[in-house]
Amino acid sequence: MIKYLKYLSHYWWQVLLLFAGLSVQVWSALQLPDMMSQIVNKGIVGGDQDFIMGEGILMLLVALAGGAGMLIAGFFASRVGSGLARDVREEVFKKTMNFSISEISKFSTSSLITRTTNDVMQIQMVTILVLRMSCQAPLMGVGAILKALDTAPGMSWIIMLAVALLLMLVVSVIVVAVPKFKLLQKLIDKVNLVTRENLSGLRVVRAFNNETHEEKKFDAANKELTRVNLFVSRVMVVTFPIVQLILNFTTLMVIWFGAGLIDSGAIEIGNMMAFMQYAMQVMMSFMFLMMAFIMVPRAMVSWQRITEVLNTPLSIKSAAKSKNAKTAQRGTVEFRGVSFKYPGAEESVLKDVSFIAKAGQTTAFIGSTGSGKSTLINLVPRFYDATAGQVLVDGVNVRDYNQKELVRKIGFVPQKGVLFSGTVSSNIAFGSAGLSKKQIREAARVAQAQDFVEKLDHQFESHIAQGGANVSGGQKQRLSIARAVAKNPEIYIFDDSFSALDFRTDLALREALKPATKNAAVLIVAQRVGTIKHADQIVVLDKGRVVGVGTHQKLLKSCAVYREIAASQLGDDELKAPLKVAKERANG
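A brief report on the enclosed structure follows.

Brief notes about the overall build of the chain
Inference 1: Secondary structure summary: the chain contains 20 helices and 12 strands in total.
Inference 2: By the compact-globule yardstick of 25 Å for 588 residues, the chain is too spread out, its C-alpha radius of gyration being 36 Å.
Inference 3: Taking the principal axes of its C-alpha atoms as reference, the chain extends roughly 130 × 50 × 45 Å.
Inference 4: Burial analysis of the chain (588 residues in total) assigns 46% to the buried set.
Inference 5: For the chain, the computed accessible surface area is about 30300 Å², with 60% contributed by carbon and sulfur atoms.
Inference 6: Within the chain, one finds 66 positive and 46 negative side-chain charges whose respective centroids are separated by 7 Å.

A closer look at the packing of helix α3 (residues 49-97) against helix α5 (residues 109-151)
Inference 1: The interhelical angle for the contact between α3 and α5, taken along N-to-C directions, is 155°, at an axis separation of 8 Å. Taken together, α3 and α5 sit at an angle that is classed as roughly antiparallel. Crossing angle aside, the handedness with which α3 passes α5 is right-handed.
Inference 2: Its residues placed into classes, the contact of α3 with α5 shows 13 nonpolar, eight polar and two charged.

Some details on the pairing of strand β11 (residues 537-542)
Inference 1: Of all the six residues making up β11, five are buried; the element is thus mostly covered by neighbouring parts of the structure.
Inference 2: Relative to β11, strand β3 (residues 362-367) runs parallel, the two sharing five bridges. In the strand pairing of β11, Ala-364 is matched with Ile-538.
Inference 3: Where β11 lies against strand β12 (residues 545-550), five bridges are found, and the strand directions are antiparallel. Across the sheet, residue Leu-541 finds its bridge partner in β12, namely Val-546.
Inference 4: Counting the residues in the hairpin turn of β11 and β12 gives two residues, including Lys-543, whose phi is positive at 55°.

Thoughts on the nonpolar core
Inference 1: Membership of the largest hydrophobic core comes to 46 residues, with the highest contact counts inside it found for Ile-428, Leu-479, Phe-494, Ile-538 and Tyr-562.
Inference 2: Broken down by element, the residue count for this core peaks at six residues, all from helix α15 (residues 473-487).
Inference 3: Setting aside its immediate chain neighbours within four residues, Leu-479 contacts Leu-419, Val-424, Ile-428, Ala-449, Phe-452, Val-453 and Ile-464.
Inference 4: Counting 38 residues, the second largest nonpolar core, distinct from the first, contains Val-173, Phe-181, Phe-275 and Met-276.

Description of the layout of surface pockets
Inference 1: Each pocket or cavity is described by its volume, and for the second largest pocket that value is around 340 Å³.
Inference 2: Residue lining of the second largest pocket: 20 residues in total, with Thr-362, Arg-510, Lys-514, Ile-524 and His-534 positioned closest to the centre.
Inference 3: Counting residues per element, the ones that place at least two in the lining of the second largest pocket are α16 (503-516), β10 (521-525) and α17 (529-532).
Inference 4: Broken down by element, the lining of the second largest pocket gets its largest block of residues, five residues, from α16.

Some points on the pairing of β3
Inference 1: Of all six residues making up β3, five are buried, and the element is well covered by its neighbours.
Inference 2: With four bridges connecting them, β3 and β10 associate as parallel partners. Bridging across to β10, Ala-364 finds its partner in Ile-524.

Side note on the environment of Val-237
Inference 1: Looking at the element boundaries, Val-237 is found in helix α8 (residues 211-264).
Inference 2: The exposure class assigned to Val-237 is exposed, which follows from its relative accessible area of 57%.
Inference 3: The sequence separation of Val-237 and Gly-360 amounts to 123 residues, and the corresponding C-alpha distance is 72 Å.

A look at the side chain of Thr-116
Inference 1: For Thr-116, the position within the fold is in helix α5.
Inference 2: Exposure remark for Thr-116: the relative accessible area of 17% places this residue in the buried category.
Inference 3: Only 2.6 Å separates the side chain of Thr-116 from the backbone oxygen of Leu-112, close enough to count as a polar contact.

Some thoughts on the sheet that holds β12
Inference 1: Ordered in space as β6-β9-β10-β3-β11-β12, the six strands form an open sheet in which the pairing is mixed. Two strands lie at the open edges of the sheet, namely β6 (410-413) and β12, each paired on one side alone. For this sheet the average axis-to-axis angle between neighbouring strands, irrespective of direction, equals 15°.
Inference 2: Along the sheet, α15 contacts β6 and β9 (491-495); its crossing angle with β6, the most-contacted strand, is approximately 180°.

A few points about the pattern of salt bridges
Inference 1: Counting across every chain of the model gives 16 salt bridges.
Inference 2: With a closest N to O distance of 3.5 Å, Lys-94 and Glu-90 form a salt bridge. In this pair, Lys-94 and Glu-90 are both assigned in helix α3, four residues apart and thus about one turn of the helix distant.
Inference 3: Taking relative accessible area as the criterion, Lys-94 reaches 48% and is therefore assigned partly exposed.
Inference 4: For Glu-90, a relative accessible area of 39% puts it in the partly exposed group.
Inference 5: A salt bridge links Glu-490 to Arg-330, with the shortest nitrogen-to-oxygen separation between them at 3.6 Å. With Glu-490 in the loop between α15 and β9 and Arg-330 in the loop between α9 (269-310) and β1 (333-340), this pair connects stretches of sequence that are 160 residues apart.
Inference 6: Assessed through its relative accessible area of 46%, Arg-330 is described here as partly exposed.

Cut-off values and rules
Residues numbered from 1 in each chain as written. Predicted model: local features only at pLDDT ≥ 70, side-chain atom pairs only at ≥ 80, totals over all residues. Heavy atoms only, no water. Helix = DSSP H or I, 4+ residues; strand = E, 2+ residues; numbered from the N terminus. Rg over C-alpha atoms; globule rule 2.2 N^0.38 Å. Buried < 20%, exposed > 50% of the residue type's maximum accessible area, 1.4 Å probe, protein only. Areas by Shrake-Rupley, 256 points an atom, 1.4 Å probe, with all protein chains shown as cover. Lys, Arg positive; Asp, Glu negative; His and termini not counted. Charge placed at Lys NZ, Arg CZ, Asp CG, Glu CD. Axes fitted to C-alpha atoms, helices over the stretch in contact; angles between N-to-C directions. Parallel < 35°, antiparallel > 145°, perpendicular 65-115°, else oblique. Left-handed = near helix turned anticlockwise from the far one by under 90°. Nonpolar A, V, L, I, M, F, W, Y, C, P; charged D, E, K, R; others polar. Pairing = 2+ DSSP bridges. Core = buried A, V, L, I, M, F, W, Y, C linked by side-chain atoms within 4.5 Å. Contact = heavy atoms within 4.5 Å. 1 Å grid on protein atoms, 1.4 Å probe; cavity = no way out; pocket = protein on both sides within 12 Å on 5 of 7 lines; lining within 4 Å. Points joined across faces, edges and corners; volume = space filled by probe spheres on them. Polar contact = N/O pair within 3.5 Å; in protein donor to acceptor, adjacent residues only side chain to side chain. Salt bridge = Lys/Arg side-chain N within 4 Å of Asp/Glu carboxyl O.

Note that all results are geometric; they support no functional claim without further evidence.
Written out as structure tokens, the structure is:
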């Protein structure tokens, strides 16, 4: 709540103008019944036409002032609500952008989308409602009660009875409906999750002819959300007719008992009419408060979900200022006894991993599926932090770097190529501001992307759809590699980035990369021995442990795991040739 008020305080002068407009509106609404009473009692009953004209003009001016106050209040309520929603949405997005993969996994992508959109919308709607009703309803209610007591004290019990009935209705609605609001937001998350899964995995669903199953899954989630929504809507549908019934019942009682008082001479006709309007104002004030009581709990659920995101501590914290890197070790990556365990996991994925990757050399990682290769290289840009040991870049622990300075040193190509909506040029230049057209073309040439790009209608200015949906997997991968090359970093990380390329393109790409990366450390995760057999150093992983480090020839002799992987991919001649050369050198 304190954080919400902090956001609201940014608009303090607009809130003051809003309250000023509401005050004028309430003052006008309270004056009009009294003026109408005077017109009836003195003008119509007394037959004073001049009084009717004068009081009528004054009444029109008061009504116009009230209308102006209403417009001012509505305008600034909308501005404050929209501005606050913008600020909260921006804050949630900024916080999410600083999340590590573990925090994103904790909330799930679909839930974060719901919190940034639907939950913020609930906050905006309630902010507008509360800003208007928090001032208007109490002032109107208290003012109308005082005016009603002054106008016809003998009928004040009618208002008390109507208020008591409305309070009972409000409490009943809160008890029944509020528990459903939290469930409602979770079900929206679930529908978003199912929708997102199906849209992102549409090709897989169709490939396995599983549309019917996915439709049933979505239908189940949709029906559950609909069921809860209908329950809440039915509560509202039943509530408002009851409120209207109470209002009509109050009007009927005022007329019934007022007629008796008029007949006995206790009050005048105008007073009874004014009392009726004041009674309606009291009822409307309580109805507005009831709407707030109904909507605020749902908004509170949304606010709690938003503050969960905003208050989540970052597991990976960036240093304010990086420690000075050791110039002599520029472009060097070192692992010292590194172990890593995923949050909530029982066993470590990496165990006591140590190696050094130097600038100007290619260090490759290979191992069976689940051996921890991708996890290992994810520790370098701090997508995760090691649970034990140290990861050093340029001789400095990555924890001691400012995160932005650390990632400036790294050109990262993920296992699955990621492109953004825009053009070919904008995707290659992503993260490398100020690149010339020549540099973009050179990066595309190195990544073996220039040929297919120049065949496009608009070449480097050709449109790229969201997620690269209008290019093939291999083209997407080459553009992702071009993006890293364009950055010209100290360290290149290729997370199985050549898997979508054919052998000819793979070979041509590696040849083109050699001069482009001659002064950088190159880390390659690969499944194919052919991709890495010319690497300066190969690190073999098995069940999270390093079981071999060396060149292709050395590992064929000394590492059984590597030899087994190589035997499954290479022919006998390719396997025997390095061993024969090594034997000749030994005998030499």
